[in-house]
Amino acid sequence: LLLLLEATLLQLASGSHHPFYNGFYYNHIMNDMGNGQDKDYFNGARLVVETSKDPVYSYNGANVTLPCHYRYEPDLGDKRKIRIKWSKLRDDYTKEQDVAVAIGKTYVAFGDFKGRAHIHRASRHEASLVISDVHLKDDGKYRCEVIDGLEDESDVVDLRLQGIVFPYQPPRGQYRLNFHEAEQVCQDQGAILANFNQLFQAWSEGLDWCNAGWLADGTVQYPIRLPRKPCGGVHLAPGIRSYGPRHRHLHRFDAFCFSSALRGEVFYLDHLTGMTLEEAKQSCQDAGAEIARVGHLYSAWKFLGLDRCTAGWLADGSVRYPIVKPRPNCGPSEPGVRSFGFPSKGRFGVFCYKER
């Protein structure tokens, strides 16, 4: 019976339903004449599905509930055995992946959500989705779909992770990454490729960067707060400049990475004479930690207020330092993460990362 139910849920998730599927689900029953002819019925009540109109905010590693409730107009009274389906959507509202489906009290989660997502039905007409151990790529739109016979209604809720966008160039220099390499370097830095909404939010908070970089949808864009000649011209208004979609293998740009709040802490170590990169890595290991990645440092600067006017090694071989309160001899007059690039020589301190 359990295998049969799981097969039914899998069929529901794929959008396939006997005898046919055209965007609605029909209750299929035999008629009273006993002549083998079937009929479909409509329950006569309007089904209404509602989710949060405001975005739901969370962060990396947290647990989050995406609210969804439904009701009938008029109220049908008795509890009905409805189907619930959650899907993650692309920005254009087309389906990206199945998240979870449920019939009655039994549910199945799919793909990367397996073991992390379940449908919460504490009250009579609740169909909320609970996601545990939120991942960076969970950011986005989700559709809650409720199905009862002919009635098939849905609503969309937006899950947004609190985080920070940072531009990234590899040691080889500017415009060296195709799309797939950009995905990998962001992952190597404890981050993911940013999406447009995340870049727009960063721009609204002050990010101004004249080098074009990949985003998660395969477009290449860059945020400009102060229009200037090398960055699209002085006569264009501030905003996000776009090159549109680029060839993911052939074209090369920088990357805009997105990192969320940390599950641990970033701390600084130093020796009297400084350290080489290899010595820095060993010092972090001796302290029960790992050398911090670029995403760790940006997150600690933004969310934990990490402020240090002493440069330190990071895992990619770069040397950086975070400034919350600008002051003399600590770089520009704006807060930010300063970079010394990728020095081949030199001795510095190190930023380490340790998970809680």
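See the structure printed just above.
Residues numbered from 1 in each chain as written. Predicted model: local features only at pLDDT ≥ 70, side-chain atom pairs only at ≥ 80, totals over all residues. Heavy atoms only, no water.

(A) Structural context of the overall build of the protein. Within the protein, the secondary structure is distributed over five helices and 25 strands. When the 356 residues of the protein are sorted by exposure, 46% land in the buried category. Long-range pairs, those at least 24 residues apart, make up 61% of the contacts in the protein with a sequence separation of at least 6. Element-wise, carbon and sulfur atoms account for 51% of the exposed surface of the protein, whose accessible area totals about 18200 Å². (Helix = DSSP H or I, 4+ residues; strand = E, 2+ residues; numbered from the N terminus. Buried < 20%, exposed > 50% of the residue type's maximum accessible area, 1.4 Å probe, protein only. Contact = heavy atoms within 4.5 Å. Areas by Shrake-Rupley, 256 points an atom, 1.4 Å probe, with all protein chains shown as cover.)

(B) Expanded view of the sheet that holds strand β11 (residues 128–131). Sheet architecture is open: three strands sit in the order β5-β11-β10, paired in antiparallel fashion. What marks the edges here is a single partner per strand, and that holds for β5 (64–66) and β10 (117–120). Along the sheet, successive strands turn relative to each other by an average axial angle of 25°, direction set aside. With three bridges joining them, β5 and β11 adopt antiparallel strand pairing. Bridged to T65 within β11 is V130. (Pairing = 2+ DSSP bridges. Axes fitted to C-alpha atoms, helices over the stretch in contact; angles between N-to-C directions.)

(C) Geometry of the nonpolar core. Residues L66, W86, L129, I131, Y142 and F351 are the most contacted members of the largest nonpolar core, which totals 86 residues. Sort the elements by how many residues they give to this core and helix α5 (residues 294–303) lands first, with five residues. (Core = buried A, V, L, I, M, F, W, Y, C linked by side-chain atoms within 4.5 Å.)

(D) Spotlight on the sheet that holds strand β13 (residues 151–161). A sheet is described by the order of its strands in space; here six strands give the open sequence β4-β13-β12-β7-β8-β9, paired in mixed fashion. With partners counted over all chains shown, the strands left at the sheet margins are β4 (56–58) and β9 (106–109), one partner each. When the angles between neighbouring strand axes are averaged without regard to direction, this sheet yields 25°. Bridge count between strand β8 (residues 95–103) and β9: four bridges; the pairing is antiparallel. Of the residues in β9, the one forming a bridge with I103 is T106.

(E) Summary view of the packing of aromatic side chains. Applying the stated criterion across every chain yields a total of 14 aromatic pairs. Arranged with centres 6.3 Å apart and planes meeting at 90°, the rings of Y70 and Y72 form a pair that is edge-to-face. Y72 matches Y70 in its accessibility class, with the two residues each being buried. With a centroid separation of 5.8 Å and an interplanar angle of 75°, the aromatic rings of Y321 and F340 are classed as edge-to-face. Linking Y321 in strand β23 (residues 319–323) with F340 in the loop between β24 (336–339) and β25 (349–355), this pair joins segments that are 19 residues apart in sequence. An aromatic cluster is built from Y175, F179, W214, Y222, Y243 and F253, whose rings are joined through pairwise contacts. The lysine or arginine in question, R248, covers the ring of F179, its NZ or CZ lying 4.3 Å from the ring centre. Positioned over the ring face of F303 is K302, at 5.8 Å from the centre of the ring. (Phe/Tyr/Trp six-rings, centres within 6.5 Å; stacked < 30°, edge-to-face > 60°. Lys NZ or Arg CZ within 6 Å of the ring centre and 35° of its normal.)

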